[in-house]
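Listed here are the chains, written in short residue letters.
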Amino acid sequence: MAALVALGAAPVAKIFATMEEGPIPAGINPGEAWLESHGRSLGHFVAGTWLKPPGRMSLECQEAATGRTVAVVPAGDSSDLAAAVAAAAAAAEAWAGLGGPERGQRLTRLATTLDSDRRGTMGALLALAGGRPLCQTLGADLDLGLRLLQVPAGGAQLGLPGLEGWTPLGVVAVVLAGPCSLSALLWKLGPLLAMGNTALVLSSPAAAPPLLLLGELSGEGAVLPPGVLNVLAGPPGLCQALRAHPEVTSVTFLGAAQEELQALVWGSPCRGPRLGGPRGGRVVVIVLDSADLDSAAAAIAATAATPPALFPWGGCVVLAQDAVAVALEQRLRARLGALRVGDPLDPKTEVGPLPPGTPPPEGVVQEAHEEGAQVFQVPLPPLPEGGHRFYPPTLISGAALTSCCLREPAPGPLLVLLPVRSPNEAVAVASALPQTVAAAVWAQDITVALDTADRLPQGLVWLNALDLLDPSGGCAGGAMDTDLDEALREFGCPPWEQPPEVDEPLSPLVTADDPGDPDLAQAVAAARGAAPGWGRLAGACRARVLRGAAAALWGGHGTPKDGGSGDTDGSLRRALLRWAARVERGGGAVQEVPGGRVLVTRRPLGVVGVAWGWPRPLPLELLPPALALGNCVVVAAPPGGAGPVQRLRKALVAAGLPGGALMVLPGNSRGSGSRLARQRPDGLWLCGTDAVPLLLLLAAPAPGSCCFFTFNPVSSTFRAHVNNLTPWLLLDYPVAMPSNLEPDSGCSDLWGVHFGAVALQRMLGVAGKDLAPLLRTFLAQLHFVAECHIQDPQGCVRLEMVNVSQLLETLVQNLGVLQGRPSHFPGCAHLRCQPGPALTSLAVRHEGTLGARQGPPSPAGHGLVLLGGVGGALGLAAAAWMLWRRPCAQAPPTSEQDGT
């Protein structure tokens, strides 16, 4: 000790008190060195080489922290895009022909190359261009990115069960048009390449340097064949040039706005490539009264400082139980105050600048303060010159449930703290919050924690953790994302999508009127009403129903009771028995992942719509998987095919299937698909000439874009029609009207007319012959509200019963206000609610009217996740993965677990 003092070394106690890092080795930043090696003038990476068109205008690549120009790239145009598409198309056949094992080895080599001496270069470029702290980009972000390459590579090498007969899509474009980390890109790029597709990545100049480095690494040592991975940098409108290239079979967006999707609609939803929507949002954290507050506060503050890599924007909402809310707020303030804000290239930095292209949350914070919320902000330290993109760590508490800070996700180190009275109220508020991609539950009472997680709508829920992400556990982030199996299938073409053979049997030429919107709306509403009960039945109970139906169809003696059952070869009976056996054996699984354990559980997707337009019989053996896994199905049967489906339904209902679990409507070969899509089922399978892909849903009008009239739509005689109705109505007749809509001077009256039309439409179904014509006449005058496509995307509307006299008074008031205002209603297509614990039942909430486009119950409403996980299926198919959400649960290892 004396010798240490003589040398002037700090005492050991002081070292442990300060915990200062050691000196940083001197030398040039490896990211800057790589840019210097290219003369700070980069190009596009196409066909395994650099493409630098001469005489092209240059775009600046700016440092996220200071805005200084670190490099330039040529402004990509349609000619560059054509060259990249041609290179990808030329390489597609050879890359797909290598086979899964060889492709897996190539991707493993790419991951090894990225993890070698180039790791420091990639981490530095990510910090330089994206603003995420170097300690994250060099550590957890790159580790996750490597796993997102290695796990699909392993799946391709081994060959996943269920992918037999699947073929690659071909050329797939990945469009980056917003905040996006390398991990988010690799989550799409790994499965894309593993399935045998070639990739075309379109990037903004700000995000281009690390992506161009990835392209360069893919070409070193022929890791990937030329043309398999192509990277272009250009202006935001460059993606629209994809319309001229039919070779592009799929387009996936990362961080894109809805307008970007609409720009790529190929004139009709029946043409063009598949479109994959953008991902992103915020995290909601529930802290219960049994939680370890110190560990919760530390994890929440760290997440606010540096969000998870797969969704790097949106902020964080914390719902704390009343008993611990004050104590948690004190700890959060202390933790936020200790965060180090500064240059992201400094290894000590914990909070970097805002992601490029995102507005600062100053307006949201200021509005919350004006509404009476308390705002705690940490003073910013001295920042690098030009560091105007930094925002101080902020905590908002005491905000109202209708506050802007809860309605709109905001980027940056922003926390919103809300007290809740119970776990039930926490689940209700978390369900009503828009744009949440993940959730976390902090509690030491495991029973309460699991029950709370089970009822959350988010597809990914952590337990006592906020950073466990791994593809092998299915934890990709967001309820619309998938696990590895389904990520591979997203970029593959199943065998049943191949064109039918000419010798396949055709359906009889029978014409039928398509079911109208009211019929379909009633069928979907009935299915939604049956979905909770049928989906929560034990697998053995559902298996008993399928076996009973199989016995009934065959009379219990191995010979068909009815020759017209549609099962002449026994395939339907075999499918019923096979899926009965599978569902009995189904269940959760525990998966080991780096940093914890994953509990994967399954929940049905919900209501699946089927519209069959091919001129051949509907294969009934495709329906048992959907029903076996707990989904409810609405079938628009083909001409002449409704009879066998109805007989199958009769057998299933007799065996115990709820009546609404399988709804059958006869439909024509054209038009049924688009009408069914308007009812917004949770899954949609459309086959044949009227096959409208999921692009129809993605290309739905943005809020307010279609709610415009060239004339005032309100009739001048509406009061006379109300007066005609009044003598015929029982004024104490109860009707359902919303009670928790957000007050809005621009939209409230339009919403009132919408729900008034819904109530009158229900009354029309029970009206007598004298009242019905009066209701139809009045409803015709309210039909204009259907043009606004009013939706309830969060499923938050709460209905209460009122007298019909109140309904008529409210309608007169609403129509009178609309009659005197401009006929333009921007932003009114999505209903906005005051969040609260009570939510409307599914059967009432989703009942439609007047052909209006109805919203889904929740963007993530049918994913079940315990301790973290991802939902992931969409559509109907002959395999279980298409019909079940596959979330997962993660828990960090404890000392006891480590010792086992």
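This structure is a prediction, so every number in the text was calculated from the model and none was measured.

**Things to note about the pattern of salt bridges**
Part 1 of the reasoning: On inspection of all chains with the given rule, the structure shows 21 salt bridges.
Part 2 of the reasoning: Notably, a salt bridge pairs Arg118 with Glu216, separated by 3.4 Å at the nearest N-O pair. Of the two residues, Arg118 is situated in the loop between helix H5 (100–114) and helix H6 (119–130) and Glu216 in helix H10 (residues 208–219); the sequence distance between them amounts to 98 residues.
Part 3 of the reasoning: By relative accessible area, which is 21% here, Arg118 ends up partly exposed.
Part 4 of the reasoning: For Arg455, the salt bridge goes to Asp451, with nearest N and O atoms at 3.2 Å. Of this pair, Arg455 and Asp451 both sit in helix H17 (residues 446–455), 4 residues apart, roughly one helical turn.

**Considerations on helix H14 (residues 362–370)**
Part 1 of the reasoning: Among the residues of H14, those classed as buried are Val364, Val365 and Ala368. Buried positions in H14, seen along its axis, are confined to an arc of 95° and lie on one side of it.
Part 2 of the reasoning: Downstream of H14 by a residue or two, Gly372 has a phi angle that is positive, lying close to 110°.

**Comments concerning the packing of aromatic side chains**
Part 1 of the reasoning: In this structure the tally under the stated criterion is 1 aromatic pair.
Part 2 of the reasoning: Relative to Trp50, the ring of Phe45 lies with its centre 5.8 Å away and its plane at 80°, an arrangement referred to as edge-to-face.
Part 3 of the reasoning: Since its relative accessible area comes to 4%, Phe45 is described here as buried.
Part 4 of the reasoning: Residue Trp50 is classed as partly exposed on the basis of its relative accessible area of 24%.

**So, the pairing of strand E23 (residues 632–637)**
Part 1 of the reasoning: Counting buried positions along E23 yields 6 of 6 residues, so the element is predominantly enclosed.
Part 2 of the reasoning: A two-sided burial pattern is seen for E23, the buried positions comprising Cys632, Val634 and Ala636 on one face and Val633, Val635 and Ala637 on the other.
Part 3 of the reasoning: Pairing of strand E22 (residues 607–612) with E23, which is carried by 5 bridges, proceeds in the parallel orientation. Bridge pairing links Val610 to Val635 in E23.
Part 4 of the reasoning: Across 5 bridges, the pairing between E23 and strand E24 (residues 662–666) is parallel. By the bridge assignment for E24, Val635 is matched with Val664.

**A few points about the nonpolar core**
Nonpolar side chains in soluble globular proteins tend to be buried together.
Part 1 of the reasoning: By size, the foremost hydrophobic cluster in this structure holds 107 residues, and its most contacted members are Val287 and Trp462.
Part 2 of the reasoning: For this core, the element with the most residues is helix H9 (residues 182–194), which contributes 9 residues.
Part 3 of the reasoning: What Val287 contacts, discounting residues up to four positions off in sequence, is Leu293, Ile300, Val318, Leu319, Ala320, Gln321, Val324, Leu328 and Trp442.

**Some remarks on the packing of H6 against helix H8 (residues 140–158)**
When two helices pack together, you describe them by how their axes are tilted relative to each other and by the distance separating the axes.
Part 1 of the reasoning: Packing of H6 against H8 leaves a shortest axis separation of 10 Å and a crossing angle of 115°. The interaxial crossing formed by H6 with H8 has right-handed handedness. Facing Arg119, Met122 and Gly123 of H6, the residues of H8 in contact are Leu142, Asp143 and Leu146.
Part 2 of the reasoning: The class makeup of the residues in the contact of H6 with H8 is 3 nonpolar, 1 polar and 2 charged.

**Thoughts on the side chain of Asn230**
Part 1 of the reasoning: When you line up the elements, Asn230 lands in strand E8 (residues 229–233).
Part 2 of the reasoning: Owing to a relative accessible area of 0%, Asn230 belongs among the buried residues under this scheme.
Part 3 of the reasoning: Among the polar contacts made by the side chain of Asn230, one reaches the main-chain carbonyl oxygen of Gly227 at a distance of 2.8 Å.
Part 4 of the reasoning: Those residues in contact with Asn230 that sit more than four places away from it in its chain are Phe45, Val46, Ala47, Ala84, Ala87, Ala88, Ala199, Leu200 and Val201.

**Description of the environment of Pro666**
Part 1 of the reasoning: Topologically, Pro666 is positioned in strand E24.
Part 2 of the reasoning: Classification of Pro666 by relative accessible area gives partly exposed; the value is 41%.
Part 3 of the reasoning: C-alpha of Pro666 to C-alpha of Gly643: the two residues are 23 residues apart in sequence and 8.9 Å apart in space.

**Focus: helix H12 (residues 293–305)**
Part 1 of the reasoning: The first and last C-alpha atoms of H12 sit 18 Å apart over 13 residues, in line with the 18 Å expected at 1.5 Å per residue.
Part 2 of the reasoning: Every buried residue of H12 is listed here: Leu293, Ala296, Ala297, Ala299, Ile300, Ala301, Thr303, Ala304 and Ala305.
Part 3 of the reasoning: Next to the buried residues of H12 lie strand E11 (282–287), strand E12 (316–321), helix H13 (322–337), strand E15 (414–420) and strand E16 (436–442).
Part 4 of the reasoning: Among the residues of H12, the N-terminal cap falls to Asp292, whose side-chain oxygen and the backbone nitrogen of Asp294 are separated by 3.3 Å.

Definitions and limits used
- Residues numbered from 1 in each chain as written.
- Predicted model: local features only at pLDDT ≥ 70, side-chain atom pairs only at ≥ 80, totals over all residues.
- Heavy atoms only, no water.
- Salt bridge = Lys/Arg side-chain N within 4 Å of Asp/Glu carboxyl O.
- Helix = DSSP H or I, 4+ residues; strand = E, 2+ residues; numbered from the N terminus.
- Buried < 20%, exposed > 50% of the residue type's maximum accessible area, 1.4 Å probe, protein only.
- Arc of directions from axis to C-beta.
- Phe/Tyr/Trp six-rings, centres within 6.5 Å; stacked < 30°, edge-to-face > 60°.
- Pairing = 2+ DSSP bridges.
- Core = buried A, V, L, I, M, F, W, Y, C linked by side-chain atoms within 4.5 Å.
- Contact = heavy atoms within 4.5 Å.
- Axes fitted to C-alpha atoms, helices over the stretch in contact; angles between N-to-C directions.
- Left-handed = near helix turned anticlockwise from the far one by under 90°.
- Nonpolar A, V, L, I, M, F, W, Y, C, P; charged D, E, K, R; others polar.
- Polar contact = N/O pair within 3.5 Å; in protein donor to acceptor, adjacent residues only side chain to side chain.
- Expected span 1.5 Å × (residues − 1).

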